Amino acid sequence: MITENKKKIDEVLEFFESKEVDRLVKMIRLVTVRMEQELNEVEILARVSSRVKSTSSLRGKLQKWADDPEKVERLIGDPEQILARVSDLAAARVMTYTE
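Residues numbered from 1 in each chain as written. Predicted model: local features only at pLDDT ≥ 70, side-chain atom pairs only at ≥ 80, totals over all residues. Heavy atoms only, no water.

Student: Whenever I open this one, the overall build of the protein chain confuses me. Can you help?
Tutor: Counting its regular elements, the protein chain contains 3 helices and 2 strands. Moving toward the C terminus, one meets the helices and strands of the protein chain in the order α-β-α-α-β. For 99 residues, the compact-globule estimate of 2.2 N^0.38 gives 13 Å, and the C-alpha radius of gyration of the protein chain, at 17 Å, exceeds that figure by more than 25%. Taken over the C-alpha atoms alone, the protein chain extends approximately 55 × 25 × 20 Å along its principal axes. Within the protein chain, the proportion of its 99 residues that are buried is 23%. (Helix = DSSP H or I, 4+ residues; strand = E, 2+ residues; numbered from the N terminus. Rg over C-alpha atoms; globule rule 2.2 N^0.38 Å. Buried < 20%, exposed > 50% of the residue type's maximum accessible area, 1.4 Å probe, protein only.)

Dropping the structure here:
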């Protein structure tokens, strides 16, 4: 079972790196620019930061799932289905300034 989970995790990570990272980077850039524009238009002083989950961080999350009997079923399915269960593949944060 451990070898099976390792193979599944490796398969998901390969799919993530080859198919998803570039798409997510482009998407999060668009989201960040749009958020900055909207904040500027309404004159809210803020900073927007964003990121795409790193492969090593994703590996850690998937390994935690594999090690947890209550979460291991999240590794069932093809890589796209498994990645759909990860809620934080990309994120944006708005930090506002106060006077």
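The rest of the description comes next.
Student: Please explain the nonpolar core as it appears in this structure.
Tutor: Side chains that are nonpolar tend, in soluble globular proteins, to be buried together. Membership of the largest hydrophobic core comes to 15 residues, with the highest contact counts inside it found for Leu58, Leu62, Leu83 and Leu89. For this core, the element with the most residues is helix H1 (residues 2-41), which contributes 6 residues. Setting aside anything within four residues of it in sequence, one finds Leu89 in contact with Phe16, Leu24, Arg51, Val52, Lys53, Leu58 and Leu83. (Core = buried A, V, L, I, M, F, W, Y, C linked by side-chain atoms within 4.5 Å. Contact = heavy atoms within 4.5 Å.)

Student: In this structure, what is going on with the side chain of Thr32? I would like to understand it.
Tutor: In this fold, Thr32 is placed in helix H1. With relative accessibility at 10%, the residue Thr32 sits in the buried group. Among the polar contacts listed, one links the side chain of Thr32 to the backbone oxygen of Ile28, at a separation of 2.7 Å. Sequence-distant contacts of Thr32, defined by excluding residues within four places in its chain, comprise Val48 and Ser50. (Polar contact = N/O pair within 3.5 Å; in protein donor to acceptor, adjacent residues only side chain to side chain.)

Student: Help me understand helix H2 (residues 55-67) in this model?
Tutor: Three or four residues apart is the spacing at which side chains of an α-helix point the same way, because the helix has 3.6 residues per turn. A rise of 1.5 Å per residue sets the reference length of H2, with its 13 residues, at 18 Å; its end C-alpha atoms lie 18 Å apart and thus fit the reference within 8%. Turning to H2, its buried residues number three or more, namely Leu58, Leu62, Trp65 and Ala66. Looking straight down H2, one finds its buried side chains confined to an arc of 100°; they lie on one side. Of the exposed residues in H2, those oriented more than 90 degrees away from the buried face are Ser56, Lys64 and Asp67. (Expected span 1.5 Å × (residues − 1). Arc of directions from axis to C-beta.)

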